[in-house]
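Residue-level structural notes
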Amino acid sequence: MAATASKASQSQGLLLFHLNHSQLFALGTLKIRELVPFTELTKIPNSHPSIMGAATVRGGTIPVIDMAAAIGFRPIEEAELKKCFIIITDCQRMVIGFVVRAIDKIIECNWRDIAPPSSTLGKNAYLTGVTRFDGQLVQLLDVELLLSKIFPHDPSVNRAILTDVQREKLKPLNILIVDDSKVARKQLSDALDLMNIGYEVTSNGNDALAKMVDAANNKKPIDLLVSDIEMPGLDGYELSFEVKDNPDIASAYIILHTSLSSEISLSQAKQVGANEALTKFDAKELIEAMLRGAESLNQ
């Protein structure tokens, strides 16, 4: 099939900042509500060691985390605070502040220029991708992994109750889940394992697209695709467009599943061919979306 220009924007805003003097880190701007100079905090008794306290911002109270300490760097000292900033994020249904030593700049980056981190870094590396800007290495932080260490995941959100009829609707389907975050992949896998629902899993959009093409060639096409939006290489929007642009795999029901709690545009998702967009992580909402997909596929 002739290539068609994608309606999915590959441009990603990245906020660059420092947790130490030498390395440059980044967060996607879609996760960020605002940046504020360091402000006075109220201590939170019996909180995680990385939580510096609570801040009142625009009438709301939010926990504030020393990001450097949280990922294993030297904690920020009191004498440094007057030069620090708080990055206020909206992620995984939580509004959280992260203290960083310095803000660098906001840049535009193409997802295709972001590479997955090396597998040799180990399972506790807080990275989802790496890129370069002005010749300097930029490391994208895995906020989901970081938050999971500070606010341990409640296993109950992995549980959804299925009737026998509902389970039988899902069990015959070929399901593929794709997410660059190790935490998100485990949440998705655990939820489906608990319900005895089969699936395949991969960590990036390029591999997902290749798996879907191979599955179609083997006469076992993917029926349900559950994909993150923000991913190195091929993001969820671009993956959705590529799937719908290929007639061999275009019948898949696509659920975009993202940590972005700030308004996810269903209309934007549908522009690139996705059927639904959900905020991580609620197993009940996910299964309900998958059941809608099963109904749609059977029509």
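Rules used in this analysis
- Residues numbered from 1 in each chain as written.
- Predicted model: local features only at pLDDT ≥ 70, side-chain atom pairs only at ≥ 80, totals over all residues.
- Heavy atoms only, no water.
- Helix = DSSP H or I, 4+ residues; strand = E, 2+ residues; numbered from the N terminus.
- Buried < 20%, exposed > 50% of the residue type's maximum accessible area, 1.4 Å probe, protein only.
- Contact = heavy atoms within 4.5 Å.
- Core = buried A, V, L, I, M, F, W, Y, C linked by side-chain atoms within 4.5 Å.
- Pairing = 2+ DSSP bridges.
- Axes fitted to C-alpha atoms, helices over the stretch in contact; angles between N-to-C directions.
- Expected span 1.5 Å × (residues − 1).
- pLDDT = per-residue confidence, 0-100.
- Parallel < 35°, antiparallel > 145°, perpendicular 65-115°, else oblique.
- Nonpolar A, V, L, I, M, F, W, Y, C, P; charged D, E, K, R; others polar.
- Left-handed = near helix turned anticlockwise from the far one by under 90°.

**What about the overall build of the chain?**
Counting secondary structure elements, the chain contains 8 helices and 15 strands. Among the 299 residues that make up the chain, the fraction classed as buried is 50%. If you take every contact in the chain between residues at least 6 apart in sequence, the share linking residues at least 24 apart comes to 65%.

**Quick notes on the nonpolar core**
Membership of the largest hydrophobic core comes to 26 residues, with the highest contact counts inside it found for Phe17, Leu19, Met67 and Leu141. Every element with two or more residues in this core is listed here: strand E1 (11-18), strand E2 (24-28), helix H1 (67-70), strand E6 (85-91), strand E7 (94-100) and helix H2 (143-150). Top contributing element to this core by residue count: H2, with 5 residues. Look past the residues within four positions of leucine 141 in its chain and what remains in contact with it is Phe17, Leu19, Phe25, Ala26, Leu27, Met67, Ile71, Tyr126, Leu127 and Thr128.

**Description of the sheet that holds strand E12 (residues 200-202)**
Read from one edge to the other, the open sheet built from 5 strands follows the order E12-E11-E13-E14-E15, with strand pairing classed as parallel. Taken across any chain shown, the strands that pair with only one partner, and hence form the sheet edges, are E12 and strand E15 (276-279). In this sheet, adjacent strand axes meet at a mean angle of 20 degrees when their direction is disregarded. Inspection of the sheet shows strand E13 (residues 224-227) paired to strand E14 (residues 253-258) by 4 bridges, in the parallel sense. Bridge pairing in E14 links valine 226 to isoleucine 255. Against the sheet, helix H6 (residues 236-244) makes contact with strand E11 (175-178), E13 and E14, and its axis sits at roughly 175 degrees relative to E14, the strand it touches most.

**Considering helix H4 (residues 182-194)**
For H4, spanning 13 residues, the distance from its first C-alpha to its last is 18 Å, which sits close to the expected 18 Å at 1.5 Å a residue. Restricting attention to buried positions, one finds in H4 the residues Val183, Ala184, Gln187, Leu188, Ser189, Ala191 and Leu192. If you follow the buried residues of H4, they end up packed against H2, E11, E13, E14 and helix H8 (283-298). Of the residues flanking the end of H4, it is asparagine 196, one or two places downstream, whose phi is positive at about 60 degrees.

**Regarding the confidence of the model for the chain**
Across the chain, the average pLDDT comes to 87, with 90% of residues at 70 or higher. Long-range and interchain partners of residues 1-8, a stretch whose pLDDT sits below 50, account for 14 contacts in this model, where long-range means more than four residues apart.

**Digging into the packing of H2 against H4**
Running from N to C, H2 and H4 cross one another at 70 degrees; their axes reach a closest spacing of 7 Å. Comparing their axes, H4 and H2 come out roughly perpendicular. Contacts from Glu144, Leu145 and Ser148 of H2 reach H4 at Lys182, Val183 and Ala184. Here the contact of H2 with H4 is composed, by residue class, of 3 nonpolar, 1 polar and 2 charged.

**Examining the packing of helix H5 (residues 205-217) against H6**
Between H5 and H6, the least distance of the axes is 10 Å, while the angle of their chain directions is 20 degrees. Relative to H6, the element H5 lies roughly parallel. Between H5 and H6 lies a crossing of right-handed hand. Packed against H5, whose contacting residues are Gly205, Ala208, Leu209 and Met212, the element H6 presents Leu239, Glu242 and Val243 at the interface. For the contact of H5 with H6, the residue count by class is 5 nonpolar, 1 polar and 1 charged.

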